[in-house]
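Examining the three-dimensional arrangement
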Amino acid sequence: MSHGADIPADDEGAPADEDAPLLDRFLAGDRAAFDELVLRHRDSLRRLVRRYVRREEDAEDVTQRALLRALEKLGTFRRESTFRTWIHRIAVHLALNHLRGEGRAAPGVELDELPAFTNALETNRLVAAEVWAKVARRLTELPPKQRLAVELRLFHELSFQEIAALAGCSEDSAKANFHHGVKRLRGLIPDPGG
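Keep in mind it's a predicted model, so treat the numbers as computed, not measured.

Considering the confidence of the model for the protein chain
Taken residue by residue, the protein chain gives an average pLDDT of 75. The fraction at 70 or more is 69%. At the level of individual helices and strands, the protein chain shows its lowest average pLDDT in helix α5 (residues 114–120), which scores 49, and its highest in helix α1 (residues 20–27), which scores 93. For residues 1–13, every residue scores under 50 in pLDDT, and the model assigns this stretch 22 contacts once sequence neighbours within four places are set aside. Low pLDDT, under 50, characterises residues 103–115; the stretch is placed with 38 contacts to residues that sit more than four places away or in other chains.

Below, the structure is given as C-alpha cells:
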C-alpha cells in the first residue's frame, strides 16, 4: 500500500495522519493504543532498518530501539509530519548511527525486491536479474542522500514529501536526490538495442 501524494491534506496543509486517532487515545492515557501503533508499523520499520543493518539480530535491536524511542518521545511529537514519517525517521537515524558505530557497510538490495526494482527502472525481469548484483553494489556506492531517497521511494513507496521529512531536506532536494540516484542506476542497464 502506498502512502504518498494521495493522502489528503487537512485544513493547515499538513498531510492527514491515519494514526491520529491512536495517537490521541495514547496521549489520553490509553496505553493499548501504542501497541496498535507498533502492530501497524513494526514490519515496515524492520524492513527499513534491514536495508542498512546487515545482521538480523542487529536489525531487530535497532527496530526495538526505534519503537522505544518513539514511545519515550511521543509526548513531544509536534505532528508536523505523519506519525509514520516521524517513526521511520527515528529508525533511519538509529540505523545509520548503528552503522557508524559498527563501521559496517550497508547491505545491498535483497533478491525479493527484484519486482519493485524491475518496475521502478522500467525494464523487464531478465534484464533486471542480469544487472541485479551490479545495481545492488551500486546502491551502496550512491551518496547517502541519493541512496536514502532511492531506497525510500522504490522499496518503501514513500512520497517525496515523506522522504524530505525523513531526510531533513526540502521536497525539491528529495526529488533531485532520487532522480540523480536513479539516473546512475539506469546507467548500469544494458541497451537492449545495442
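There is more to say, and it comes next.
Some thoughts on unusual backbone geometry
Positive phi is not limited to glycine here, since Arg79 has a value of about 60°. Looking at the secondary structure, you find Arg79 in the loop between α3 (56–73) and α4 (83–102).

As for the packing of aromatic side chains
Throughout the structure, instances matching the rule amount to five aromatic pairs. Aromatic side chains Phe26 and Phe34 sit 5.7 Å apart centroid to centroid with 50° between the ring planes, which places their arrangement in the tilted category. For the pair Phe26 and Phe34, one class covers both residues: buried. Their ring planes at 65° and their centres at 5.5 Å tell us that Phe160 and Phe178 sit as a pair that is edge-to-face. Here the residue Phe160 occupies a position in helix α8 (residues 160–167), and Phe178 occupies one in helix α9 (residues 171–186), the gap between them amounting to 18 residues. Following the ring pairs from residue to residue traces out a cluster consisting of Phe77, Phe83 and Trp86. Arg153 extends its terminal NZ or CZ atom over the ring of Phe160, reaching a point 4.2 Å from the ring centre.

Calculation rules
Here the residue numbering is sequential within each chain, running from 1 through the sequence in written order. Per-residue local features are limited, in this predicted model, to residues with pLDDT of at least 70; the limit for side-chain atom pairs, both in listing and counting, is 80 or more; totals at the level of whole chains, interfaces and linings are taken over all residues. Note that water and hydrogens are dropped before the side-chain values are worked out from all heavy atoms of the structure. Summary of the metric used: pLDDT quantifies the predictor's per-residue confidence within the range 0 to 100. Labels follow the DSSP assignment, with helices taken as runs of H or I lasting at least four residues and strands as runs of E lasting at least two, numbered in each case from the N terminus. By the convention used here, residues are in contact when the closest approach between their heavy atoms is within 4.5 Å. Two rings belonging to Phe, Tyr or Trp (six-membered ring only in the last case) form a pair when the distance between their centres is within 6.5 Å. Interplanar angles under 30 degrees mark stacking, angles over 60 mark edge-to-face geometry, and anything in between is tilted. Classification of residues uses two cut-offs on accessible area relative to the type maximum, computed with a 1.4 Å probe and protein chains only: under 20% is buried, over 50% is exposed, and between them is partly exposed. Charge-over-ring placement is defined geometrically: NZ (Lys) or CZ (Arg) within 6 Å of the ring centre, and within 35 degrees of the ring normal.

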